[in-house]
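Remarks on the overall topology
Okay, here's what each chain looks like letter by letter:
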There are 2 protein chains.
Amino acid sequence: MPIPRAPRIAIAGATGAVGHTLIELIEKRDFPFSAIDLLASTRSSGKTLKVKGQSYPVQSLADFHFGNVHLAFFSCGTSVSRVEGRRAAMEGALVIDNTNAFRMDADTPLVVPQVNAHQLATRPTSGIIANPNCSTIPLVRLLQPIDRLYGIQQVIVSTYQAASGAGLTGIEELKSSVTQTLNAPESSDTSNRRFPVPLGFNLIPSIDVAMPTGFTLEEQKMLQESRKILEQPDLKLSATCVRVPVINGHSESAYIQCDRPVDREKVVQALRETSEVEVFDAGSGSVVYPTPRYLQNPDKVHVGRIRIDPNNPCALWLWLIADNLRIGAALNAIQIAEVLIQQADKSMAA
Amino acid sequence: MPIPRAPRIAIAGATGAVGHTLIELIEKRDFPFSAIDLLASTRSSGKTLKVKGQSYPVQSLADFHFGNVHLAFFSCGTSVSRVEGRRAAMEGALVIDNTNAFRMDADTPLVVPQVNAHQLATRPTSGIIANPNCSTIPLVRLLQPIDRLYGIQQVIVSTYQAASGAGLTGIEELKSSVTQTLNAPESSDTSNRRFPVPLGFNLIPSIDVAMPTGFTLEEQKMLQESRKILEQPDLKLSATCVRVPVINGHSESAYIQCDRPVDREKVVQALRETSEVEVFDAGSGSVVYPTPRYLQNPDKVHVGRIRIDPNNPCALWLWLIADNLRIGAALNAIQIAEVLIQQADKSMAA
């Protein structure tokens, strides 16, 4: 089923943090649709949600048939996508999946529209397009222009990831943990259902499950997904992923080793010219940076602290921040859909 | 003046966060002294503080004469140390200085007792022994055993530094920022006197002033001090230093590139055998780690997440945490003094 100019869409996981942001972006960007179905687990069905002022019932995902849907956005977690996302694709919808279920499948493109939109030229045989991990998306958007200039040899990255990456319950648990600590510092903080230990005034250097290598799945995703998106199967990228007591906005501290000596000003210039990137810079001796709580534009990747390692002229540091619910999830999904619609427009015009 | 078994000591900056911790450690470790003078700015003089159950008046540092003092601990900030610390040394006290004032001076040893206690064998001509930066101390304590095994080529480190690094006012400002945000999320948070922007639910990738290289002074200290302590003037170490909304305990994510392929189990074993280091490890496929809020023993360097980069067999990651007020400041200073007293004991016995 080709994608028309105003597709019939469905949002699976409409009541979650990413679903909420998807609806917000559909309204804000005036995303075209001719019909919309809001889906969630049976637990949430019966609720209603508003989209562009109109109320819609939340329907049970398990009971929904996707035969009439052009585009289905999925963000209900990996295990749900494996079953229901696959079913939606089989029933004819083109699925834009936000989970880890299909990202590394050979028949499923993994797309960041600003980096590898060419992967969207033909409908994938799986019927699924995967949205990368929230930490991978902003990083590859900055790596690509630097790679074009100087060739990237290795990336060493430490992340500072917000509570919202664990959904609305992650945010609530952080707030509860902080409140408990301030109000009763001597009592034990019980906010450790979503996180392995309380996150208030704490750091948790472990996101997602452990892999046999001793890395976490989150860290492994950053490596494997970056290789697939940048089409560099031998890229060396190594990460430590840390949850921090920030409500929303993932930050990353990245050390990038290039093939050739780096001219800082050229990197700054290239990033300034990169679509939807906000550069914080005031010349070579300055310390200028974004902070996650005061992000100016949640639809841009923010980058600052761009500097060359004095002991290694081929290497530079940068500090990046992106709204993980938007750029790291919902916005990337919507932008994939927007490219698909533009392409449909063009093919009809041709 | 040689250091006797129970020296006359003075604490300059007794009312601050590090001064407070110094007194706590003097009590806890039963540090021997025959007299103690507590000093602070004229603003604090008139207060009294208890040491081992006895009350002492806080005296004005500017009016105090150090002629009778064997050991003077200084932690009132760099500008005060430059004037008053220098004067204390000229008046005959051996100064253990916690600031950045003298660390890189050729006539002043920079000492982490577990790493380079041999620097304490003779009294320095400056009369001053410098205590390194709070982020440098725990890192070099782990780097040395790894360097002995595999030779360290390069260290890439991102820090996660607590509010207490900015003193008691830093802690209060973090708590106030968090409280304001939770109670009145729509109002502007005014907690930005000690920090450039509010730290509650935020990250600030800038600690101390900007240097012409675009690095901060905090980042430059980590490089220069590590080189001096490890006696490796060409060591390549590059850092990004970030303030995080944690009350106390600095964490660091370090990527260590060695000269030769690294055997993970040997590193774990060597760190387990390193004095005052607590290793979190449960075998090669495990994700085990300390967190700053739940440090088990504030007098040890905690390390976990030790793992080899699968794409680079000569490199390993580790995640370390140390109490910045103790290991990063007061405890290191006390341990310097303890070595000096032991040496005096030995030389008298000889």
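See above for the structure.
Scoring rules and cut-offs
Residues numbered from 1 in each chain as written. Chains lettered and ligands numbered in written order. Predicted model: local features only at pLDDT ≥ 70, side-chain atom pairs only at ≥ 80, totals over all residues. Heavy atoms only, no water. Helix = DSSP H or I, 4+ residues; strand = E, 2+ residues; numbered from the N terminus. Rg over C-alpha atoms; globule rule 2.2 N^0.38 Å. Buried < 20%, exposed > 50% of the residue type's maximum accessible area, 1.4 Å probe, protein only. Contact = heavy atoms within 4.5 Å. Areas by Shrake-Rupley, 256 points an atom, 1.4 Å probe, with all protein chains shown as cover. Lys, Arg positive; Asp, Glu negative; His and termini not counted. Charge placed at Lys NZ, Arg CZ, Asp CG, Glu CD. Axes fitted to C-alpha atoms, helices over the stretch in contact; angles between N-to-C directions. Parallel < 35°, antiparallel > 145°, perpendicular 65-115°, else oblique. Left-handed = near helix turned anticlockwise from the far one by under 90°. Nonpolar A, V, L, I, M, F, W, Y, C, P; charged D, E, K, R; others polar. Buried area = accessible area lost by both parts, 1.4 Å probe. Salt bridge = Lys/Arg side-chain N within 4 Å of Asp/Glu carboxyl O. Polar contact = N/O pair within 3.5 Å; in protein donor to acceptor, adjacent residues only side chain to side chain. Least-squares fit on C-alpha atoms with pLDDT ≥ 70 in both. Expected span 1.5 Å × (residues − 1). Bend = angle between axes of the 7 residues up to and from the residue. Pairing = 2+ DSSP bridges. Right-handed = clockwise from strand over helix to strand, strands pointing away. Disulfide = S-S within 2.5 Å.

Right, let's talk about the overall build of chain A for a bit. Helix and strand counts for chain A come out as eight helices and 13 strands. In summary, chain A has a C-alpha radius of gyration of 21 Å against a globular reference of 20 Å for 350 residues, a match within 12%. Dimensions of chain A, computed from C-alpha atoms along their principal axes, come out at roughly 65 × 60 × 40 Å. The buried share of chain A, reckoned over its 350 residues, is 61%. Across chain A, the fraction of contacts at a sequence separation of at least 24, relative to all contacts at a separation of at least 6, is 68%. About 13,000 Å² of surface is accessible on chain A, with carbon and sulfur atoms providing 51% of the total. Here chain A holds 33 positive side-chain charges and 34 negative ones, and the gap between their average locations is 2 Å.

Residue and element names in this part refer to chain A. Viewed as axis vectors pointing N to C, helix α4 (residues 136-150) and helix α6 (residues 217-230) meet at an angle of 45°, and their least axial separation amounts to 10 Å. Looking at the two axes, α4 sits oblique to α6. As for how α4 packs across α6, the hand of that crossing is right-handed. Each of T136, L139, V140, L143 and Q144 in α4 lies in contact with α6, whose residues at this interface are K221, M222, E225, S226, I229 and L230. Within the contact of α4 with α6, the residues separate by chemical class into six nonpolar, three polar and two charged.

Turning our attention to the interface of chain B and chain A. Counting residues at the interface gives 66 residues for chain B, matched by 66 residues for chain A. When chain B packs against chain A, close to 5,100 Å² is buried across both sides, 60% of that on carbon and sulfur atoms. For the pair chain B and chain A, the interface holds six salt bridges. In this structure, the salt-bridge partner of A:R305 is B:E219, at a minimum N-O distance of 2.7 Å. Along the contact surface separating chain B from chain A lie 32 residue pairs in polar contact (both at pLDDT 80 or more). Of all the secondary structure elements, the ones that give two or more residues to the side of chain B that touches chain A are β8 (152-160), α5 (167-183), α6 (217-230), β9 (236-240), β10 (250-258), β12 (301-309) and β13 (312-322) of chain B. Of all the elements, α5(B) adds the most residues to the side of chain B that touches chain A, at seven residues.

In this arrangement, two copies of a chain are superimposed by a rotation about an axis accompanied by a shift along the axis. Rotating chain B by 180° about the axis while translating it 0.0 Å along that axis superimposes it on chain A, leaving an RMSD of 0.0 Å. Here the two chains are linked by the operation of a two-fold rotation axis. By residue overlap, the copies meet face to face through one surface: 100% of the interface positions of chain B are interface positions in chain A.

Taken as a whole and judged by the stated rule, the model has 34 salt bridges over all chains. Its salt-bridge partner being B:R87, residue B:E91 comes within 3.0 Å of it at the nearest N-O pair. Among the charged side chains, a network of salt bridges with common partners joins A:E24, A:K28, A:D299 and A:R326.

Time to look at helix α4 (residues 136-150) of chain B. Residue and element names in this part refer to chain B. Its 15 residues give α4 an end-to-end C-alpha distance of 20 Å, which sits within 8% of 21 Å, the value for a rise of 1.5 Å per residue. The largest bend in α4 amounts to roughly 25° and is located at L143, with the proline P145 lying one to four residues further along. Those residues of α4 that fall on the buried side of the exposure criterion are T136, I137, P138, L139, V140, R141, L142, L143, Q144, P145, I146 and Y150. The first or second residue beyond α4 is G151, which carries a positive phi of 70°.

Residue and element names in this part refer to chain B. Taken together, the five bridges between strand β1 (residues 8-12) and strand β2 (residues 35-40) define a ladder with parallel strand orientation. Bridge pairing in β2 links A10 to D37. As a crossover connection, the stretch from β1 through helix α1 (residues 17-28) into β2 is right-handed. Across three bridges, the pairing between β2 and strand β4 (residues 54-60) is parallel. Each residue of the ladder has a partner; that of L39, found in β4, is Q59.

Right, let's get into the state of the cysteines. By the definition in use, this model includes zero disulfides over all chains. Note on A:C314: no disulfide assigned, nearest cysteine sulfur contributed by A:C258 at a separation of 7.5 Å. Counting only cysteine sulfurs, B:C134 is the nearest neighbor of B:C76, a cysteine outside any disulfide, at a range of 16 Å. Owing to a relative accessible area of 26%, B:C76 belongs among the partly exposed residues under this scheme.

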